[in-house]
Amino acid sequence: MDKWAELRRLHGLNKGRHILDLFDGSRAGDFAVEADGMRFDYAKTNIDAETRRALIRLAEDAGLAEKRAAMFSGEKINDTEGRAVLHVALRAGEGAVIRVDDQDVLPEVRRIRAACAAFARQVREGVFTGQGGRITDVVNIGIGGSDLGPAMAWLALQPYADGPRCHFVSNVDGAHVHDTLRGLNPETTLVIVASKTFTTIETMTNADTARRWMAEKVANPATQFAAVSTAGDKTAAYGIDPDRVFGFEDWVGGRYSVWGPIGLSLMIAIGPERFDDFLAGGRAMDAHFMGAPFPQNMPVLLALVGIWHNQICGHATRAVLPYDQRLARLPAYLQQLEMESNGKRVAVDGSDLATQSGPVVWGEPGTNGQHAFYQLIHQGTRVVPCEFLVARRGHEPDLAHQHLLLVANCLAQAEALLRGRTLEEARGIMAKKGLTGPELERQARHRVFPGNRPSTVLAYDQLTPFTLGQIIALYEHRVFVEGVVLGINSFDQWGVELGKELALALQPVLEGKAGTEGKDGSTAALVRFLRG
């Protein structure tokens, strides 16, 4: 039987219904859930109680509870690579035990975390120095999850960043590393090279450039390098002291790795104690995800709302709209987390998916987006479900009036998407401006907002390390739930391989060391043009 049939039936029955018609005295409370000071409101969607029950049955029938337990217990649920999926172990509590192949992995997690914390303190306290004195700047060189996670988190936690300044280099485009290093002092800069295998071509190319830059002023650049890698032989050959090499296991995917040594730059910036608060926020969301019944489970509900909008309603994109300037990089972070995880076309058993996979994720912080793409969201022909994030208070008490304006804008946008503006209301506005006849009608039509456009709001007290941990873990578990319901493996990423292989083959062609035999006509012509 088609597992989507009941949901499609409900969608067909209620397709023309206005979300406003669902509101009664209890909907605002019934279609929201709170956990550890955070509130997720999904009342402004076209999901009613019957639809919610059908969505929850979908998750239950997919074996979500059992697969959730399998992940947390260390089973190898990433079956195309034969690996466990244990980013949750990186933030597990002191009393936890998680076994992989009958071995508790947490003692080693704690050992490496302690080593990272000790090094972070040495840098922050001036015990570890550059050859020109105290470390003033940290440059993290990575790509993908080795960059997006710490870069996003460092910006998000600026009020707590009292250590050296952090900078992030990811793109192999030489402009990125050049512009990042320009203005820094090589004698007081620490470079962290984040590559599990120490062979990632973009990362190692940038690392080599940074080493040459440092060598212009520093006698032994390797003494100001650290590595997040498991390739001890390669880091040693690079000259990096083993005491400054921090490894992590293959059961941590890059896009889930900010909780461990990949977060070293963040730990140096905010300090180990605040980094522990960040881990505690993720751990709190883990406990909620594991313990709350599905109808009150925030990650489950967030995922089911997304499935309703994408797989059932057919809305192909999802806008993430943080009304928090310091979360400016969250949409980019979630692009990788969600699209690399659930951008698949086959099920776990290798069969073709019977439905669409994950949506396109995009967004910008408010209020900037209001003056950019909100026009399409409000009046365009495509419906874009929106996910707003907003804090009760900011970190600048003397600017509380600006934060109040920010919150007002967030809530107003969600309300405007819901309510819209009718033609009759628009006619009334134009009549008050003195217009009549055909011109009134023409102008009024331009001012109609369809409304009935879905949105959710994730509200929290303040963007702290703990809160950021909650937010990231919430979205991680959302991706997991969606993957389980879709029947796909969210933890491999074979789609990134082909382009890498072809790039390696094209480099000698562009250098003039090989010909274009076997290349399509377009690629061959572009090679000739770009070689000059």
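Coordinates for the structure precede this section.
Residues numbered from 1 in each chain as written. Predicted model: local features only at pLDDT ≥ 70, side-chain atom pairs only at ≥ 80, totals over all residues. Heavy atoms only, no water.

Chemist: With reference to specific residues and values, describe the layout of surface pockets.
Modeler: In this structure, the largest pocket spans a volume of roughly 1200 Å³. Forming the walls of the largest pocket are 40 residues, and the residues nearest its centre are Thr200, Gln493, Val496, Glu497 and Lys500. Where the lining of the largest pocket is concerned, the elements lending two or more residues are helix 6 (145-156), helix 8 (201-215), helix 13 (330-342) and helix 19 (497-510). Looking at the lining of the largest pocket residue by residue, the classes come out as 15 nonpolar, 15 polar and 10 charged. Approximately 470 Å³ is the volume attributed to the second largest pocket. Contributing to the lining of the second largest pocket are 21 residues, with Gln325, Glu396, Gln402, His403 and Leu406 lying nearest its centre. In terms of residue count, helix 15 (residues 400-419) provides more of the lining of the second largest pocket than any other element does, 6 residues in total. (1 Å grid on protein atoms, 1.4 Å probe; cavity = no way out; pocket = protein on both sides within 12 Å on 5 of 7 lines; lining within 4 Å. Points joined across faces, edges and corners; volume = space filled by probe spheres on them. Helix = DSSP H or I, 4+ residues; strand = E, 2+ residues; numbered from the N terminus. Nonpolar A, V, L, I, M, F, W, Y, C, P; charged D, E, K, R; others polar.)

Chemist: Outline the nonpolar core, supporting the account with residue identities and numerical values.
Modeler: Core analysis: the largest hydrophobic core is formed by 116 residues, its most contacted members being Leu190, Trp251, Leu468 and Ile471. A total of 12 residues in this core trace back to one element, the largest contributor, which is helix 18 (residues 465-486). In this structure, Leu190 is in contact with Phe119, Val123, Phe128, Ile135, Asp137, Val138, Val139, Gln224, Phe225, Ala226 and Ile268, ignoring residues within four places of it in sequence. Counting 21 residues, the second largest nonpolar core, distinct from the first, contains Val169, Val191, Val193 and Met204. (Core = buried A, V, L, I, M, F, W, Y, C linked by side-chain atoms within 4.5 Å. Buried < 20%, exposed > 50% of the residue type's maximum accessible area, 1.4 Å probe, protein only. Contact = heavy atoms within 4.5 Å.)

Chemist: An account of the packing of aromatic side chains is requested, with residue identities and associated values reported.
Modeler: Inspection of the entire model under this criterion finds 16 aromatic pairs. For the ring pair Tyr256 and Phe491, a centre distance of 5.5 Å and an interplane angle of 50 degrees mean the geometry is tilted. You can see Tyr256 sitting in the loop between strand 11 (245-246) and helix 10 (264-270) and its partner Phe491 sitting in the loop between helix 18 and helix 19, a full 235 residues away along the chain. The same class applies to Tyr256 and to Phe491, which are both buried. Ring plane angle 35 degrees and centroid distance 6.4 Å describe the contact between Phe480 and Phe491, whose orientation is recorded as tilted. (Phe/Tyr/Trp six-rings, centres within 6.5 Å; stacked < 30°, edge-to-face > 60°.)

Chemist: Describe the sheet that holds strand 13 (residues 360-362), and please don't skip the residues or the numbers.
Modeler: In a beta sheet, neighbouring strands pair by backbone hydrogen bonds and run either parallel or antiparallel. Taking strand neighbours across the sheet as the criterion, the 6 strands line up as 1-2-15-14-12-13 in an open arrangement whose pairing is mixed. A strand with exactly one partner marks an edge of an open sheet, and here the two such strands are strand 1 (32-35) and strand 13. On average, each strand axis in the sheet is inclined to that of its neighbour by 15 degrees, with strand direction left out of account. Summarising the sheet, strand 1 and strand 2 (residues 38-41) pair through 4 bridges and their orientation is antiparallel. (Pairing = 2+ DSSP bridges. Axes fitted to C-alpha atoms, helices over the stretch in contact; angles between N-to-C directions.)

Chemist: Let's hear about the side chain of Arg318: which residues, and what values?
Modeler: Of note, Arg318 is situated in strand 12 (residues 317-323). A distance of 3.4 Å separates the side chain of Arg318 from the side chain of Glu387, its partner in a polar contact. Residues in contact with Arg318, not counting those within four places in the same chain, are Gly306, Glu338, Pro359, Val360, Val361, Trp362, Pro385, Glu387, Arg478 and Glu482. (Polar contact = N/O pair within 3.5 Å; in protein donor to acceptor, adjacent residues only side chain to side chain.)

Chemist: Tell me about the environment of Asn368, and name the residues and values.
Modeler: Secondary-structure assignment places Asn368 in the loop between strand 13 and helix 14 (374-379). When the C-alpha positions of Asn368 and Leu321 are compared, they lie 9.9 Å apart, and in sequence the two are 47 residues distant.

Chemist: Lay out the pattern of salt bridges in plain terms, naming residues and giving numbers.
Modeler: Overall, the coordinates contain 34 salt bridges when judged by the stated rule. Ionic pairing is found between Glu396 and Arg326, a salt bridge with its closest N-O pair at 2.8 Å. Taken together, the positions of Glu396 in the loop between strand 14 (386-391) and helix 15 and Arg326 in the loop between strand 12 and helix 13 put the pair 70 residues apart, joining distant regions of the chain. In this structure Arg326 comes out as partly exposed when scored by relative accessible area, which is 24%. (Salt bridge = Lys/Arg side-chain N within 4 Å of Asp/Glu carboxyl O.)

Chemist: Summarise the sheet that holds strand 9 (residues 189-194); cite the residues concerned and give the values.
Modeler: Strand order across the open sheet formed by 5 strands is 8-7-9-10-11, with parallel pairing between neighbours. Each edge of the open sheet carries a strand with a single partner, namely strand 8 (165-169) and strand 11. Sheet analysis places strand 10 (residues 225-228) next to strand 11, joined by 2 bridges and oriented parallel. Within the sheet, the bridge partner assigned to Ala227 lies in strand 11 and is Val245. Taken strand by strand, helix 6 contacts strand 7 (137-141), strand 8 and strand 9, and its axis lies near 150 degrees from that of strand 8. Along the sheet, helix 7 (residues 174-181) contacts strand 7 and strand 8; its crossing angle with strand 8, the most-contacted strand, is approximately 165 degrees.

Chemist: Give a description of the environment of Tyr160 that names residues and reports values.
Modeler: Assignment of secondary structure puts Tyr160 in the loop between helix 6 and strand 8. Sequence-distant contacts of Tyr160, that is, excluding residues within four places in its chain, are made with Ala269, Ile270, Arg274, His395, Gln462, Leu463, Thr464 and Pro465.

Chemist: Requested: an account of the state of the cysteines, with residues and values cited.
Modeler: Covalent bonding between the sulfur atoms of two cysteines is what defines a disulfide. Tallied over the full model, the rule gives 0 disulfides. With no disulfide of its own, Cys313 has Cys386 as its nearest cysteine by sulfur position, at a separation of 14 Å. (Disulfide = S-S within 2.5 Å.)

Chemist: Tell me about the pairing of strand 12, and name the residues and values.
Modeler: Where burial is concerned, most of strand 12 is hidden: 6 out of the 7 residues are buried. Between the parallel elements strand 12 and strand 13, the chain passes through helix 13 in a crossover that is right-handed. As paired strands, strand 12 and strand 14 are joined by 5 bridges and run parallel to one another. Across the sheet, the residue bridging to Ala319 is Cys386, located in strand 14. (Right-handed = clockwise from strand over helix to strand, strands pointing away.)

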